[in-house]
Structure formats: structure tokens, C-alpha cells
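Spelled out from the first residue to the last, the chains are:
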Amino acid sequence: MTKNMTPIESIVVRLTALHPKRIDLSLDRMWRILAALGHPERRLPPAIHVGGTNGKGSTIAFMRAILEAAGLRVHVYTSPHLVRFNERFRLGAAGEGRLASDEELAGALEECERVNAGAPITVFEITTAAGLLLFARNPADVLLLEVGLGGRLDATNVVDRPLATVITPVSFDHAEHLGDTVGKIAAEKAGIFKPQVPAIVAAQPREALAAIERAAARAKAPIKIAGEDWTATEERGRLVYQDDAGLLDLPAPKLYGRHQFENAGVAIAALRAVGELNLTPGAFETGIAKAEWPARMQRLAHGRLAALCPPGSELWLDGGHNADGGRAIANALADLEERVSRPLVLVVGMLSTKDCESFLRNFAGLARRVVAVPIPGQEKSFPPDAVADAACAVGIPAHSADDVEAALAAIGRFGLEPPPRILIAGSLYLAGAVLAANGTPPL
């Protein structure tokens, strides 16, 4: 898909040239550029800092919707984006806030580029600096700040006293930067903990939780753990949340999948841990029912790609790309299968830095077939034949296609009855390309 670059994309390409030859996680470059900018990180609204492997974006989406339902103005910093770079920067305003405009974002990026004066810096570091500049200059009540990679040495870990820190489920990902065990990865994630700042922790593998608890003790951070200090369960189609402060009987999340009940619970626990927010049960009720986060078990009922699917079929999209993400998706699909049985076909593209077999193994016995595709514009995309081979290795028949359009056309020739349930998955970069090609606005 060739296209003319937007002004923002042109700036990002220029900033990419400043990128160090290898990613060495460090805060030194951040402290240098923030000092040159006059320390915007010291003038931010009160922040909630969110790390983890899976569920960060959904947890932030729930928190944002709840806070906005309470009438608060909420800044949000997330990554990566799906279609437009501006999606990473949401500025708080009455109602739902807005994405930073091209003009605002270009101005902040160019200011950071100017004060950086050609020194080595990663794209994520300089865009984080630009985000902090925007958030410091626009008034808001709360900033929701998502970690990019890891936690301890992540560019966002420059906020010295947030309202709360959050660790969503930790799993094996980015091992080349964070460590070769789940415990080591969890310790890096828990590097965002701060003294006397509540640390809210989702359900974790035992090894991860042990590392997180040690980190909290070292940081002197009071810790609240899912299943111990609060519960969030599905009961008769509703979300029932309970902690020491009492019970909330809430509507089911608009976001689909049983894992979203858990993400919503983490969001509620974090907001309830911050006493000064004084949120009403009504704000939780409205926010949980309203929260949206694209490319997470998102149904694409209309659009150009949806129209290419076999008549009567369903088209779903999810950006999940690691083993635990795949497990959550597979569970959601199994629940759909119980409600309405359809043959499942996966359209999968993955980056070569990911463990393809571990992701696909979740769908063995559930998916009828995999059609492997490349990720548009990504040099590190697995060749489709490699994805197909990984699917075959876990027992799912597979073949490859040149792109998503060709994959959907191929599925139409399978002659499946009843019409299939099609899921496009394996990469947020692929999900973004699909939303753009389908004509579905991401936010």
C-alpha cells in the first residue's frame, strides 16, 4: 500500500535517523532532553502509570471511560498507534477529550528535535518527550501513561510520584530486551513502582508475582493483588467487583472476551486505590459499559474488507501477538462458538521477533484453517510460508496469501458451511493496516 506521507509521518521518518544503532534501554537520553525542554515531567497532571505485557491498552480504556464519566479531563499516552500516529496522544477536555492535532503534534515533535540537536535518541524516547510537553501545556485532571517496553528503564519512567502504578498480566515477550524468564521480565515491569504509591497487580503466573512482590517490598510500594485484595468476576452476564471498600454490580464490558472482565477489574482496583478521585458507582457503571479499544476482539461488520468476506460470515480483528494474548483470543472465540457454532478461519501475519508457534498453538482444535499473510510495510514480518509452516506444526492446515484481500477471497472458495467466523490476528501493525484498508476509524 503506497501512499504519500503525512507531515507527522515525515517528521517521524526524520527522527528515526537519530535512533541509536541498537536499543540500549536507558533513561539517560530522556533526562537530557527533558532538561533541555525545561522539565515538562514536573508539570504534569497526576498520573497513573501502567505497565505489563497484555491488556495495558484495554485497562487504560476502562480507566479513561470511568474518569470521563465522572466529568474529569483525561490525558492518555499509549503505543503503538493503529492508523494515525496522533492516536498515541489524547488530550483531556470536557467529555471524551480529543487526539492531538497535526499542528500541535508537529510543533511538539519539532521542538524536541530542535533541543535534541542531533544527539542519539530513540523514536519512542523523543515522541514520549513530545507527549509530556503536550500534557504539561494542556490542563487536565489525570494522565494515563502507558509503558512502552519494560518499565524500569522505559522512557515513561520519569514521573517520580504517580497516583498509582499498575501491572497488567506479564508473559514472555521482548525477551531480548527484558530477560529470558518471566520472573526477570516481571522485575523489569515492576521497575515503575514508587515509594508509598499504590501498586495494583493483575493476576500473574507464580514466578512473575513473586518477582513483583519482591520489587514492591524494595520500593516500599503498598501492593494490591487480583484475587487477594479484590475480585472481578462474571456473574449472570454482569461484572461483579468486590474489595474492602465494598461491592460493585456493573454491566458487562462492551469490550468482548472474558479477559476483559479481568482488565476491567484491574482498572477499577487502580481507581479505587486513589482515594482522592472520589468516583461514584454511576461513573464505574457508565465507564465499564462504554469503554472501547479498537483491534481487541473487534467485530468488523461493515467496510471494504468486510464486503469481501463470504456472505453471512463474521469478520473479527485482534492485534494479539504472543502466547498469552493468543490464549485470551482463543477463549473468546470458544465462547462465541458456544453461542453460535461456525467454522473458524484465522488470517495471521506476525513479526519475526514473535514466537509464532506459541501463539498459534492456542487455536489447535479450534481453527479449521489458517491463511498466512505478510504485514504491509514491515520488513520484520515473517514470510507467509513461515507462518503457514508454524500453523501446520501445531496441527492446523494452512496456506499463504499475498495480502489480506487475497486471503479473504481464498476463504470464499473454501465453501464452508455455515458461513465462517474469520479472525485476522497476530500483530497490531497488521490490525492497523486492516482498519485502514477497511475504512474503519480506529478511535
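These numbers were taken from a predicted model, which means no experiment stands behind them.

Moving on to a negative patch on the surface. A grouping of E213, E228, D229 and D244 is seen on the molecular surface, where their side chains present a negatively charged patch. In this fold, D229 is placed in the loop between β8 (223-225) and β9 (230-235).

On to the sheet that holds strand β7 (residues 199-201), then. Spatial ordering of the open sheet is given by β4-β3-β2-β5-β1-β6-β7-β8, a layout of eight strands whose pairing is mixed. Of all strands in the sheet, those bounded by a partner on one side alone are β4 (98-99) and β8. Bridging between strand β2 (residues 74-77) and strand β5 (residues 142-146) involves four bridges; their strand directions are parallel. Among the inter-strand pairings, Y77 is bridged to a residue of β5, identified as L145. Across the sheet, helix α8 (residues 206-219) touches β6 (164-167), β7 and β8, and the angle it forms with β8 is around 160°.

Let's shift gears to the pairing of β6. Residues A164 and V166 point to one face of β6 and T165 and I167 to the other, with burial holding for every one of them. Of the strand pairs in this sheet, strand β1 (residues 47-51) and β6 are connected by four bridges, and their pairing is parallel. In the strand pairing of β6, G51 is matched with I167.

What follows covers the sheet that holds strand β14 (residues 344-348). The pairing of strands in a sheet happens through backbone hydrogen bonds and is either parallel or antiparallel. Strand order in this open sheet of six strands is β12-β13-β17-β14-β15-β16, and the pairing throughout is mixed. Sheet topology places β12 (298-299) and β16 (398-400) at the edges, where each strand pairs with a single neighbour. Here helix α15 (residues 404-412) sits on the sheet and contacts β13 (314-317), β14, β15 (367-372), β16 and β17 (421-425); the angle it forms with β14, its principal contact strand, is near 160°.

The complete set of buried residues in α15 reads V404, A407, L408, A410 and I411. One face of α15 carries all of its buried residues, which in axial projection span an arc of 160°.

For the rest of this paragraph, the subject is unusual backbone geometry. Omega for the peptide link from S79 to P80 comes to -5°, which places this bond in the cis form. With an omega dihedral of -5°, the bond running from E417 to P418 counts as a cis peptide bond. Here P418 lies in the loop between α15 and β17. Positive phi outside glycine occurs at H39, with the angle close to 55°. Positive phi values are uncommon outside glycine, yet N278 reaches one of about 50°.

In this section: the packing of helix α3 (residues 56-69) against helix α9 (residues 258-273). Between α3 and α9, the shortest axis-to-axis distance is 8 Å and the interhelical angle comes to 55°. The pairing of α3 with α9 is recorded here as oblique in orientation. As for how α3 packs across α9, the hand of that crossing is right-handed. For the pair α3 and α9, the contacting residues are S58, T59, F62, M63, I66 and L67 in the first and Q260, N263, A264, V266, A267, I268, A270 and L271 in the second. In terms of residue class, the contact of α3 with α9 is built from ten nonpolar, four polar and no charged.

Two elements in contact, helix α4 (residues 102-116) and helix α5 (residues 123-137), have axes whose closest approach is 9 Å; the angle formed by their N-to-C orientations is 120°. Classified by the angle their axes make, α4 and α5 are oblique. In the packing of α4 onto α5, the handedness of the crossing is right-handed. From α4, E104, L105, A108, L109, E111, C112, E113 and N116 reach across to α5, where they touch I126, T127, A129, A130, L133, L134 and R137. For the contact of α4 with α5, the class distribution of residues is nine nonpolar, two polar and four charged.

In this section: the packing of aromatic side chains. Counting across every chain of the model gives six aromatic pairs. With a centroid separation of 6.0 Å and 35° between ring planes, the pair formed by Y77 and F124 is classed as tilted. Of the two residues, Y77 sits in strand β2 while F124 sits in helix α5, which places them 47 residues apart along the sequence. In terms of burial, Y77 and F124 fall into one category: buried. With a centroid separation of 6.0 Å and an interplanar angle of 45°, the aromatic rings of F85 and F89 are classed as tilted.

Of all the five residues making up β5, five are buried; the element is thus mostly covered by neighbouring parts of the structure. Going residue by residue along β5, you find V142, L144 and E146 tucked away on one face and L143 and L145 tucked away on the opposite face as well. Examined bridge by bridge, β1 and β5 share four bridges and lie parallel to one another. Of the residues in β5, the one forming a bridge with H49 is L145.

Take K194: it is sitting in the loop between α7 (182-189) and β7. Despite its burial, K194 pairs with no opposite charge, the nearest such side chain being D160 at 8.1 Å. A distance of 2.7 Å separates the side chain of K194 from the side chain of N157, its partner in a polar contact. Apart from residues lying up to four places away in sequence, K194 is in contact with N157, V159, D160, P162, A219, K220 and A221.

Definitions and cut-offs
Residues numbered from 1 in each chain as written. Predicted model: local features only at pLDDT ≥ 70, side-chain atom pairs only at ≥ 80, totals over all residues. Heavy atoms only, no water. Patch = residues over 30% accessible without salt bridge, like charges linked within 9 Å, V, L, I, M, F, W, Y side chains within 5 Å. Areas by Shrake-Rupley, 256 points an atom, 1.4 Å probe, with all protein chains shown as cover. Salt bridge = Lys/Arg side-chain N within 4 Å of Asp/Glu carboxyl O. Lys, Arg positive; Asp, Glu negative; His and termini not counted. Charge placed at Lys NZ, Arg CZ, Asp CG, Glu CD. Helix = DSSP H or I, 4+ residues; strand = E, 2+ residues; numbered from the N terminus. Pairing = 2+ DSSP bridges. Contact = heavy atoms within 4.5 Å. Axes fitted to C-alpha atoms, helices over the stretch in contact; angles between N-to-C directions. Buried < 20%, exposed > 50% of the residue type's maximum accessible area, 1.4 Å probe, protein only. Arc of directions from axis to C-beta. Parallel < 35°, antiparallel > 145°, perpendicular 65-115°, else oblique. Left-handed = near helix turned anticlockwise from the far one by under 90°. Nonpolar A, V, L, I, M, F, W, Y, C, P; charged D, E, K, R; others polar. Phe/Tyr/Trp six-rings, centres within 6.5 Å; stacked < 30°, edge-to-face > 60°. Polar contact = N/O pair within 3.5 Å; in protein donor to acceptor, adjacent residues only side chain to side chain.

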